[in-house]
Amino acid sequence: MAGVIISGGASPYIYQWQPGGGTTGNVSNLSVGNYNVTVTDDNGLGCYVITNTLTITQSSAPLITGIVTYSGGIIDTGYVKLLEYASGSVMQLKDSVRIGAGGIYSFTAAIAPGNYVVFAESDAVVSYTTTFGTYYISTHRWDSAAVINAMCDSTYSTNIILNENTFLSGNGSISGEITEGDGYLKMMGKGDPIKNVDVDVEKTPGGQIIVHTKTDQTGKYSFNDLPPGNYIIHADIPGLPMDSTYKITITATDTLFKDKNFIVDSNLIYIEPSSIS
């Protein structure tokens, strides 16, 4: 939008924009180029006439680019997602690109100015089986991700080091499922399973990731070979906070924890009431 502010003379004023023929103080949907606006006051003589030239230029869209790596070096197969930041609702996917040679990725489609988070994940190939999806800057949680305030004519370097599973040796086992509650995207229906949700076991205190998995086609997840310790379960759907979770203590004699289920509604992830123990 372009506009002029007039003081002095006698109102109302007469506006004339060229090209375009606009007759108001503000005009919108202008293309790149030069425009003349002539303003004449209403004193009966037309004695006060102002002509001004405005130049409208095209700014470049924000550029978000980076390199994806892991402990063994470059990740050269996988994808990176650009998500429009939100809290309390599911983030919208704005773009998804493949990781190229040298681990390099760039979002080349025009990106509108705004707030974004970036998420990278390798393909499930032999070289990268220990890695799992990670947000910039190298966190497994969306609410710990760096939010990029992307602006025109700006470039953002967002290098990501993928998190990795650790080797486990123990007898502990945790399992459960994640299902739809009221209002979750209305993809299926209340009580139906949600697949491909990132689920982590975190050590507590400290938040260290012990192991990661995804829910399967039936919304189920499971972890085995967990050593004795204190843990919490974290389910990650970008934009949806966790209202509650499970605190689990694995000991030499207390090793099996089943039905650690979660429900996802339109703005929260929470424990299934019937599975609290």
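Residues numbered from 1 in each chain as written. Predicted model: local features only at pLDDT ≥ 70, side-chain atom pairs only at ≥ 80, totals over all residues. Heavy atoms only, no water.

Engineer: Lay out the pattern of salt bridges with the relevant residues and their values.
Structural biologist: According to the stated counting rule, one finds seven salt bridges in the structure shown. Notably, a salt bridge pairs Lys94 with Glu84, separated by 3.9 Å at the nearest N-O pair. Highlighted residues: Lys94 in strand β9 (residues 92-98) and Glu84 in strand β8 (residues 78-84), separated in sequence by ten residues. Residue Lys214 pairs with Asp198 through a salt bridge whose shortest N-O separation is 3.1 Å. Placement of Lys214 in strand β20 (residues 209-214) and of Asp198 in strand β19 (residues 198-203) is noted, with a sequence separation of 16 residues between them. A residue is classified by how much of its surface remains accessible, and Asp198, at 9% relative accessible area, is buried. By sharing partners, the salt bridges in this structure join Glu121, Asp198 and Lys214 into a single network. (Salt bridge = Lys/Arg side-chain N within 4 Å of Asp/Glu carboxyl O. Helix = DSSP H or I, 4+ residues; strand = E, 2+ residues; numbered from the N terminus. Buried < 20%, exposed > 50% of the residue type's maximum accessible area, 1.4 Å probe, protein only.)

Engineer: Give a detailed account of the pairing of strand β6 (residues 63-70), specifying residues and quantitative values.
Structural biologist: Extensive coverage of β6 is indicated by the burial of six of its eight residues. Direction of pairing for β6 relative to strand β15 (residues 155-157): parallel, over a ladder of three bridges. Following the sheet pairing, Leu63 is matched in β15 by Thr155. Pairing of β6 with strand β10 (residues 104-106), which is carried by three bridges, proceeds in the antiparallel orientation. When the sheet's bridge partners are listed, Gly66 is paired in β10 with Tyr105. Relative to strand β16 (residues 160-161), β6 runs parallel, the two sharing two bridges. If you follow Val68 over to β16, its bridge partner there is Ile160. Relative to strand β7 (residues 73-74), β6 runs antiparallel, the two being bridged by two bridges. Paired with Thr69 across the bridge in β7 is Ile74. Here β6 hands over to β7 after two residues, the two strands then running antiparallel side by side. (Pairing = 2+ DSSP bridges.)

Engineer: How would you summarise the packing of aromatic side chains if you had to cite specific residues and measurements?
Structural biologist: Scanning the entire structure with this criterion turns up six aromatic pairs. Relative to Tyr128, the ring of Tyr70 has its centre 5.3 Å away and its plane inclined at 85°; by these criteria the two rings are edge-to-face. Here Tyr128 lies in the loop between β11 (114-122) and β12 (131-132) and Tyr70 lies in strand β6, a separation of 58 residues in the sequence. (Phe/Tyr/Trp six-rings, centres within 6.5 Å; stacked < 30°, edge-to-face > 60°.)

Engineer: Run through unusual backbone geometry, naming residues and quoting values.
Structural biologist: In this structure, the amide linkage connecting Tyr136 to the following residue, Ile137, adopts the cis form with an omega of 5°. Examined against the element boundaries, Ile137 turns out to sit in the loop between β13 (134-135) and β14 (148-150). Look at the link from Thr204 to Pro205: it is a cis peptide, with omega at 0°. Mapped onto the secondary structure, Pro205 falls in the loop between β19 and β20. With a phi close to 60°, Asp153 is a non-glycine residue in the positive phi region. By secondary structure assignment, the location of Asp153 is in the loop between β14 and β15.

Engineer: Mind laying out the nonpolar core, listing which residues take part and the relevant values?
Structural biologist: By size, the foremost hydrophobic cluster in this structure holds 27 residues, and its most contacted members are Ile174 and Ile233. Other than its neighbours up to four places away in sequence, Ile233 contacts Ile174, Val199, Asp200, Val201, Tyr221, Met242, Thr245, Tyr246, Ile248 and Phe262. Counting residues in hydrophobic clusters, the runner-up holds 21 residues, among them Ala120, Ile148, Ile160 and Leu162. (Core = buried A, V, L, I, M, F, W, Y, C linked by side-chain atoms within 4.5 Å. Contact = heavy atoms within 4.5 Å.)

Engineer: Could you give an account of the sheet that holds β19, naming the residues involved and the relevant values?
Structural biologist: Across the sheet, which stays open at both edges, the four strands sit in the order β20-β19-β22-β23 with antiparallel pairing between neighbours. Either end of the sheet is taken by a strand with one partner, and the two such strands are β20 and β23 (247-250). When strand polarity is set aside, the average angle formed by the axes of neighbouring strands in this sheet is 25°. The pairing of β19 with strand β22 (residues 229-236) spans six bridges and is classified as antiparallel. Across the sheet, residue Asp198 finds its bridge partner in β22, namely Asp236. (Axes fitted to C-alpha atoms, helices over the stretch in contact; angles between N-to-C directions.)

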